[in-house]
Amino acid sequence: MKVKLTEKILTILLLLIAVGALTIHPAQEVSMSTLGGDKVDTLFNIVSYLILFYFFISYWKGFIYVITKSPLQFFLLAIVLFSVLWSEDINSSLNYIKGLIRIYFIAIYLAMRYPLREQMRLIAWALGAATLLSMIFSAFVPGYIHTAPELLDMWSGIYGHKNELGYMMNWSAGVFLHLALSSHRYRWLMWSICGVSVCLIILTRSTTSLAILLTMILLLPFYQSFKKTNYKLQVIMITTALMLLIIVSMLLINNAETVVGTSGKDLTLNGRSDLWELVIAKVLERPWLGYGYSAFWTSNAASNLRATYDWASNAHNGFLELLLELGFLGFLTFAAGFIRFFVMALTRIVSVAKKPEDYWPMQMLVIIVIVNFSEARLLIPGWNWLMYLTTSLSLTLSFQRAPIYK
């Protein structure tokens, strides 16, 4: 599918906005506002909506086609929309739903207009810009390295917090690593940006981000050997790998302070298990439909949790957060879509993969699974959900187009 240069430029601009490369945030203890004020955020939101409106007018039939081919993803969106009816905080639900719908439209457009390999290159433009800007601002501009005692000298880049920077640099390092291993053109540039991303992960001192990076690297030879084994051995290998991934990730996250040899308490890493017990109790009070999308933590239902854990603005676990918001109905719908994503990504490795870049959909799941053990990043209007949804839709369309998948 041939895409005009103007459309590609608009796509890259849309991705730059989505990745946060144009809304630069100083370290949170310095300022919570974007560089240039909140008007900058508003301006780029308007720009993104205008671009999406233009794409929708141009390709509305394609948008409808993608929706009809991916019923699970849009049934989940329907649950989110209808959750307003039982939401504990309707204003909060409506506010975040707008952003989530925008993410869905961006994902549909990318899946419809670009194959996965081309998407990686467009994403690389956005992540590369975010990586270089984070390095420049933290290295040369005051206010982009943490000064609070518990986060002293940890780099926050353009994202305002070291965990956010570390998380985004995982995406950057992953994309450029796979492109560098797959392409002969501009390989030196890809390795360079990958190296800068890794340096930024180290400078954030984020153990979770480092665990994700190491896991992605260690899985690369596994994917290669996986292609050469018979079906039964493939099942055993993938089951074992998943079990080890989950166990090692949980051990690393729950013992992060011991692993890195630091003292003190980082509230995003410690104290979660006690919080999770109370969260599970709240889930069981409204197990099937939850408290409404993005409605629990601002409602009276969360008052006891907020009083006990004043640092908790979410469940610090994406899967528990999803249960809180949409109950087992939403969680099981997500789980069905996730399993389908996993099967398609695995099939791509076995049947299609010719270069390491073809392993990227599976590596994305590694990032998403590990990070959601300690942070709530499922089904929120951000980069994580955009990448998950775009790749899921793209794999679905590939399955229906390519004979090799049948």
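Residues numbered from 1 in each chain as written. Predicted model: local features only at pLDDT ≥ 70, side-chain atom pairs only at ≥ 80, totals over all residues. Heavy atoms only, no water.

- The protein is annotated in an unreviewed UniProt entry as O-antigen ligase family protein of Nostoc edaphicum CCNP1411.
- The record held by UniProt for the protein lists under Subcellular location (unreviewed entry) the comment "Membrane". (UniProt positions renumbered as here; feature names shortened; annotations may be inferred.)

Quick look at the environment of valine 283
At step 1: If you trace the backbone, valine 283 turns up in helix H12 (residues 272-285).
At step 2: Separated by 43 residues in sequence, valine 283 and leucine 326 place their C-alpha atoms 9.6 Å apart.
At step 3: Beyond its immediate stretch of four places on either side in the chain, valine 283 contacts Leu320, Leu323 and Leu324. (Helix = DSSP H or I, 4+ residues; strand = E, 2+ residues; numbered from the N terminus. Contact = heavy atoms within 4.5 Å.)

Some remarks on the packing of aromatic side chains
At step 1: Enumeration over the complete set of coordinates arrives at 22 aromatic pairs.
At step 2: Their ring planes at 5° and their centres at 3.9 Å tell us that phenylalanine 55 and tyrosine 109 sit as a pair that is stacked. Of this pair, phenylalanine 55 sits in helix H2 (residues 38-58) while tyrosine 109 sits in helix H5 (residues 90-113); the two residues are 54 residues apart in sequence, bridging distant segments of the chain.
At step 3: Classification of tyrosine 109 as buried rests on a relative accessible area of 0%.
At step 4: Measuring from centroid to centroid gives 5.0 Å for phenylalanine 137 and tyrosine 144, while their planes differ by 65°, and the two rings are edge-to-face.
At step 5: An aromatic cluster is built from Phe334, Phe338, Phe341, Trp385 and Tyr388, whose rings are joined through pairwise contacts.
At step 6: Across the ring face of tyrosine 49, the terminal group of arginine 102 is positioned such that the distance to the ring centre comes to 5.0 Å.
At step 7: Above the ring of tyrosine 167, the side-chain terminus of arginine 377 is found at 4.0 Å from the ring centroid. (Phe/Tyr/Trp six-rings, centres within 6.5 Å; stacked < 30°, edge-to-face > 60°. Buried < 20%, exposed > 50% of the residue type's maximum accessible area, 1.4 Å probe, protein only. Lys NZ or Arg CZ within 6 Å of the ring centre and 35° of its normal.)

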